[in-house]
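Examining the three-dimensional arrangement
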Amino acid sequence: MRVIVVYASRYGSTREIAEFIAEKIRQHGAQAETRSVDAAPDPEDYDAVVIGSAVYMGHWMKEAVEFVRRNRTALAGRPVWLFSSGPLKLGPEIASMDDPRLEPKEIGELRKIVHPMDHRVFFGALDPEKLGGKHRTIRMLPAARAALPEGDFRNWNDIEAWAGGIARALATRPVASA
Ligand SMILES: Cc1cc2nc3c(=O)[nH]c(=O)nc-3n(C[C@H](O)[C@H](O)[C@H](O)COP(=O)(O)O)c2cc1C
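To keep things clear, this report deals only with the structure shown in the data block. What you are looking at is a predicted structure, and each value in this text was computed from that prediction instead of being measured.

1. Re the pairing of strand S2 (residues 31–36)
- Here S2 shows one buried face, formed by Ala32, Thr34 and Ser36, and one open face, formed by Gln31, Glu33 and Arg35.
- Sheet topology note: the strand S1 (residues 2–8)/S2 ladder contains six bridges and is parallel. Across the sheet, valine 6 pairs through a bridge with arginine 35, a residue of S2.
- Read from S1 through helix H1 (residues 13–27) to S2, the crossover connection turns out right-handed.

2. Comments concerning the packing of helix H2 (residues 62–70) against helix H4 (residues 107–114)
- Two numbers describe how H2 lies on H4: the axes approach to 10 Å, and their chain directions differ by 25°. Between H2 and H4, the interaxial angle falls into the category roughly parallel. Once H2 is placed against H4, the crossing between them reads as left-handed. Contact with H2, carried on its side by Val65, Val68 and Arg69, involves Glu109, Leu110, Ile113 and Val114 of H4 and no other residues of that element.

3. Remarks on unusual backbone geometry
- The backbone phi angle of alanine 40 is positive, close to 50°, even though this residue is not glycine.
- Mapping alanine 40 onto the fold places it in the loop between S2 and strand S3 (48–56).

4. Structural notes on H2
- Considered for burial, the residues of H2 that qualify are Ala64, Val65, Phe67 and Val68. Each buried residue of H2 sits inside an arc of 155° when the element is viewed along its axis, so together they form one side. Across H2 from its buried face, at more than 90 degrees, point the exposed residues Lys62 and Arg70.
- The inward-facing, buried residues of H2 abut S1, S3, strand S4 (59–60), helix H3 (72–76) and H4.

5. Side note on the pairing of S1
- In terms of residue burial, S1 counts as a mostly covered element, since six of its seven residues are buried.
- Examined bridge by bridge, S1 and S3 share six bridges and lie parallel to one another. Bridge assignment links valine 5 to a residue of S3, and that residue is valine 50.

6. Remarks on the site of the ligand
- Around the ligand, the structure places 21 residues, and the nearest of them are Ser9, Ser13, Thr14, Val55 and Tyr56.
- Between the ligand and methionine 57, the relevant distance is 3.0 Å, taken from a nitrogen atom to a main-chain nitrogen or oxygen of the residue.
- Proline 87 places a polar main-chain atom, nitrogen or oxygen, 2.9 Å from an oxygen atom of the ligand.
- Elements represented by at least two residues in the shell around the ligand include exactly H1, S3, strand S5 (80–86) and strand S7 (125–126).
- In terms of residues, the shell around the ligand owes the most to one element, S3, which gives three residues.
- Looking at the shell around the ligand residue by residue, the class counts come to eleven nonpolar, nine polar and one charged.

Criteria and thresholds
- Residues numbered from 1 in each chain as written.
- Predicted model: local features only at pLDDT ≥ 70, side-chain atom pairs only at ≥ 80, totals over all residues.
- Heavy atoms only, no water.
- Buried < 20%, exposed > 50% of the residue type's maximum accessible area, 1.4 Å probe, protein only.
- Helix = DSSP H or I, 4+ residues; strand = E, 2+ residues; numbered from the N terminus.
- Pairing = 2+ DSSP bridges.
- Right-handed = clockwise from strand over helix to strand, strands pointing away.
- Axes fitted to C-alpha atoms, helices over the stretch in contact; angles between N-to-C directions.
- Parallel < 35°, antiparallel > 145°, perpendicular 65-115°, else oblique.
- Left-handed = near helix turned anticlockwise from the far one by under 90°.
- Contact = heavy atoms within 4.5 Å.
- Arc of directions from axis to C-beta.
- Near = heavy atom within 4 Å.
- Polar contact = N/O pair within 3.5 Å; in protein donor to acceptor, adjacent residues only side chain to side chain.
- Nonpolar A, V, L, I, M, F, W, Y, C, P; charged D, E, K, R; others polar.

Laid out in C-alpha cells, this is it:
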C-alpha cells in the first residue's frame, strides 16, 4: 500500500502536519511519503492520497486547489482524505472544529470532484516573524491580530488519531494498483 501526503504550506506548519501524518501511517505498516503540491506528484503512482492545505482568508491555497482539479480523474479513482490547517482559536460564535463555517470555501467543490473519505480541519500555527508581504500587513490590523493570535495550536493527538484512522481504513481495502 503506497500512500502520498500532499501539502500546500506557506510558512511550514502544514508541511509539518503532512510529515507527521505520513510518519504515523508508516508506523501502521504502509509506505507513506510527503510531497509539496509544487513538486506535482502523480497520484497514479499511489494507492491512496492525503491532501492538505493551509487556509488563508477562508480559502485553501490555490496551488492545492489546482492540484486537485488537475488530477481529478486519478483522484476520483482512489481513496482520498483532505485536511485543512487553519484556525488558531475558536471564537464565541464558532465553538467547535466541526462548525461548517470553518470549512474553506473550496471544500464543497473538492468534495464533488474527489468524494473524499473525510475532510478534517486542524488547528494551525502562526509565527508573526515569518509573515511576508500581504499577510504581515493584514495581521497588523487590530481585528486580524485578535483573530490570528501568535502561537502553535496544532493538536498532535487529534492529528495522530486521524492518521491512525486512515491507516486502519487502508489496511482493510484491496490494493488498487500493483
Ligand atoms: C493573514 C492570515 C490569514 C489567515 N486566514 C485564515 C483563515 O481565513 N482561516 C483559518 O482557519 N486560518 C487562517 N489563518 C491561519 C493559518 O491558516 C495558519 O496560521 C496555518 O497554520 C498556516 O499554515 P502554514 O504555516 O502551512 O502556511 C490565517 C493566517 C494569516 C497569517
